[in-house]
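If you want the building blocks of each chain, they are given just below.
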Amino acid sequence: MSESEKRTSSINIVQMATKLKSEELNMTKFMDLNDDCLLHLLRFFDVFGLMQLRGICSRLDNLILQSRKRFGIVNLKELNLHPFPFKEEKILEILEFLGPQIKELEFSSTFHYFIEDKSVIFDCITENFTILETFHLEINMLDIKLIEKFAPIVKRLKSLTLGGYEIDDQLSMCFLNASLEELKIEGCNEKITKKFFENVSNLKSLTIYECSNLTSSCYIEILKHNLKLKKLTLNVNSEGYPYNHLKNLEGSHNLVNFIVNNLQEIEELSFDIFSPNASLFADLPNLKVLNILQQSADYSSISRELNKLLEKLIEKNFIEKLSITTEFYSPINLNLVNKLTNLKELSLYGTPELDENDLIKLQTLENLEMLAIENLVKTTSVFCLLEPLKKLQKLKLEGSFVTPKFFRQLISLLRRLENRPKLNLVVDRIHASCSYDFLRTNKDILDLEILKDDGAWTASDISSDDYEDEFGEYIALNY
């Protein structure tokens, strides 16, 4: 059942139940259903439907409280609050209704524009979200008064994600005596300094994304208080840009050395700052996931360091997920990659054009479940991987242009292959003449996703209307 059908069904049942409320005889028959039957019916209600049903009788109210437990995660953006602007009272009502059951809450910056008194929202969360563990918050601006209201919320969390351009060091007071296990700082932020992290300690997972005031020495000071990290993500900041890296090589070199020598429990590492000694990451004893971006104006230095890294990884062969991104189409030695036979996921970006002879080298990766590649000479060259990689479930062809002929050949091949999982194919664009009916009728073996800037569409979501670009060559799905 589609979301619109569920919504219609929910509305119809609400109308029916409301009518029954005034019809005592029919209401008695309705409530003669046992609790299991009523709970099953309530599964078809969205949060708005459940809220409207309250007050019919105490027994139904109790069942509604049980039914709301399925809303363990709430993203206010996905609740389809219409029309704009959002009414503050409606948001508060939803938060009060769902709060006691919610473990994860996402609060986007959109709502800051439509809520005049933001302190009321924080008060509501503090009072009602008693088991909240994970909070995603996009911040436009928090003054000191709001920060004081935000602090008690942080103290009960296990995971906090902060996004936006207005995060600053004042928020550091929220981390005092907090017991966070995971902290993510997202968004190109120019206000955060080392002071922001002075009360952040004993994390298990840390993500810092493009905070341009943080240098390599700042990162080291932050990490000194978080030596038990199991997951670390450091995305490119001003130190990492290819044309500025020369004056910062010593700093990135020291940062790599500190990570390898002190963060021995790291299992997942994403490192997007150029370093001439990145091969040392292979010495981390518990490393299972490595995402690395190597960018430099010196192409040969990238290749040398990547080869050293791959050679050391081959010796231990414990890596399960590997993502390598290079700048300026620096080659990646596939004769080394194909020896990492324990890999379950592999992503290769920034490589020169790959042909079938290149892809054949990856046939040895029999445990591979996900493969992401770009710059294919011919999209059909991936067919050589489908039979040997029997566990492959997801294939991402970024930057690729796929045609009806490609789909016909792919589905024909998948039908011939036995005992392989359904394939999730992710592409940037498809030809306007592709038959959506054909894709839908083969959803048992192929699930198609077409990438957009803000997400992906699956085959079941695609309209049959043709949205062509000015040349009439492909569908970009920009509606």
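Residues numbered from 1 in each chain as written. Predicted model: local features only at pLDDT ≥ 70, side-chain atom pairs only at ≥ 80, totals over all residues. Heavy atoms only, no water.

Colleague: Lay out the overall build of the chain in plain terms, naming residues and giving numbers.
Modeller: When helices and strands are counted, the chain shows 16 helices and 17 strands. Pairs at least 24 residues apart make up 60% of the contacts formed inside the chain by residues separated by at least 6 positions. Carbon and sulfur atoms make up 48% of the accessible area of the chain, which totals about 23,300 Å². (Helix = DSSP H or I, 4+ residues; strand = E, 2+ residues; numbered from the N terminus. Contact = heavy atoms within 4.5 Å. Areas by Shrake-Rupley, 256 points an atom, 1.4 Å probe, with all protein chains shown as cover.)

Colleague: I'd love a proper account of the packing of helix α7 (residues 118–128) against helix α8 (residues 144–154), names of residues and values included.
Modeller: Two numbers describe how α7 lies on α8: the axes approach to 9 Å, and their chain directions differ by 15 degrees. Here α8 runs roughly parallel to α7, going by the angle between their axes. Considering how the two elements wind past one another, α7 and α8 form a crossing that is left-handed. Here Lys 118, Ser 119, Phe 122, Asp 123, Ile 125 and Thr 126 of α7 lie close against α8, whose contacting residues are Leu 146, Lys 149, Phe 150 and Ile 153. Here the residues of the contact of α7 with α8 are counted per class, giving 5 nonpolar, 2 polar and 3 charged. (Axes fitted to C-alpha atoms, helices over the stretch in contact; angles between N-to-C directions. Parallel < 35°, antiparallel > 145°, perpendicular 65-115°, else oblique. Left-handed = near helix turned anticlockwise from the far one by under 90°. Nonpolar A, V, L, I, M, F, W, Y, C, P; charged D, E, K, R; others polar.)

Colleague: I'd like a rundown of the environment of Gln 170, residues and numbers included.
Modeller: Of note, Gln 170 is situated in the loop between β4 (159–163) and β5 (182–186). In this structure Gln 170 comes out as partly exposed when scored by relative accessible area, which is 38%. Taking the C-alpha atoms as reference, Gln 170 lies 8.7 Å from Asp 143; in sequence the two are 27 residues apart. With residues up to four places along the chain from it excluded, the contact list for Gln 170 reads Ile 144 and Ile 147. (Buried < 20%, exposed > 50% of the residue type's maximum accessible area, 1.4 Å probe, protein only.)

Colleague: Summarise the pairing of strand β12 (residues 370–374); cite the residues concerned and give the values.
Modeller: With 5 of 5 residues buried, β12 is to be regarded as a mostly interior element. Alternating positions in β12 separate into two faces, Met 370, Ala 372 and Glu 374 on one and Leu 371 and Ile 373 on the other, with burial throughout. As paired elements, strand β11 (residues 345–349) and β12 share 4 bridges and run parallel to each other. Looking at β12, one finds that Leu 346 is bridged to Leu 371. As defined by bridge partners, β12 adjoins strand β13 (residues 394–402) across 5 bridges and the pair is classed as parallel. In the strand pairing of β13, Leu 371 is matched with Leu 395. (Pairing = 2+ DSSP bridges.)

Colleague: Could you give an account of the packing of aromatic side chains, with specific residues and numbers?
Modeller: Counted under the stated rule, the structure contains 7 aromatic pairs. Seen in terms of ring centroids, Phe 175 and Phe 196 are 5.4 Å apart; in terms of plane orientation they differ by 75 degrees. Their pairing is edge-to-face. Of this pair, Phe 175 sits in the loop between β4 and β5 while Phe 196 is found in the loop between β5 and β6 (205–208), placing the two residues 21 residues apart along the sequence. Relative accessible area serves as the criterion here: at 3%, Phe 175 is assigned to the buried category. When its relative accessible area of 0% is taken as the criterion, Phe 196 is described as buried. Ring centres 5.3 Å apart and planes at 25 degrees place the aromatic pair Phe 383 and Phe 406 in the stacked group. Linking Phe 383 in helix α14 (residues 383–386) with Phe 406 in helix α15 (residues 404–416), this pair joins segments that are 23 residues apart in sequence. (Phe/Tyr/Trp six-rings, centres within 6.5 Å; stacked < 30°, edge-to-face > 60°.)

Colleague: Can you lay out the packing of helix α3 (residues 35–42) against helix α5 (residues 58–67) for me, pointing to particular residues and giving the numbers?
Modeller: For the pair α3 and α5, the least separation of the axes is 10 Å and the interaxial angle reads 55 degrees. Here α3 is positioned oblique relative to α5, judged by the angle of their axes. In the crossing of α3 with α5, the sense of the turn from one axis to the other is right-handed. Contacts between α3 and α5 involve Asp 35, Leu 38, Leu 39 and Leu 42 on the former and, on the latter, Arg 59, Leu 63, Ile 64, Gln 66 and Ser 67. Partitioned by chemical class, the residues of the contact of α3 with α5 number 5 nonpolar, 2 polar and 2 charged.

Colleague: Provide a residue-level description of the side chain of Ser 159, including the pertinent values.
Modeller: If you trace the backbone, Ser 159 turns up in strand β4. For Ser 159, a relative accessible area of 7% translates into the label buried. Engagement of the side chain of Ser 159 in a polar contact is seen with the side chain of Glu 182, the distance being 2.6 Å. The contacts of Ser 159, once residues within four sequence positions are left out, are Glu 133, Thr 134, Phe 135, Leu 180 and Glu 182. (Polar contact = N/O pair within 3.5 Å; in protein donor to acceptor, adjacent residues only side chain to side chain.)

Colleague: How would you sum up the environment of Leu 162? Please name residues and give values.
Modeller: Checked against the element boundaries, Leu 162 lands in strand β4. Setting aside residues up to four positions removed in sequence, Leu 162 forms contacts with Leu 137, Ile 139, Phe 150, Ile 167, Leu 171, Phe 175, Lys 184, Ile 185, Glu 186 and Phe 196.

Colleague: Which residues make up the environment of Ile 167, and what values do they have?
Modeller: Counting through the fold element by element, Ile 167 comes out in the loop between β4 and β5. Taking C-alpha positions, Ile 167 is 8.6 Å from Glu 190, a pair spaced 23 residues apart along the chain.

Colleague: Account for unusual backbone geometry, naming residues and giving values.
Modeller: Its identity as a non-glycine residue notwithstanding, Asn 317 has a phi of 50 degrees, on the positive side. With respect to the element layout, Asn 317 can be found in the loop between α11 (299–316) and β10 (321–326). Positioned with a positive phi, Asn 419 is a non-glycine residue whose angle comes to about 55 degrees. Examined against the element boundaries, Asn 419 turns out to sit in the loop between α15 and β14 (423–431).

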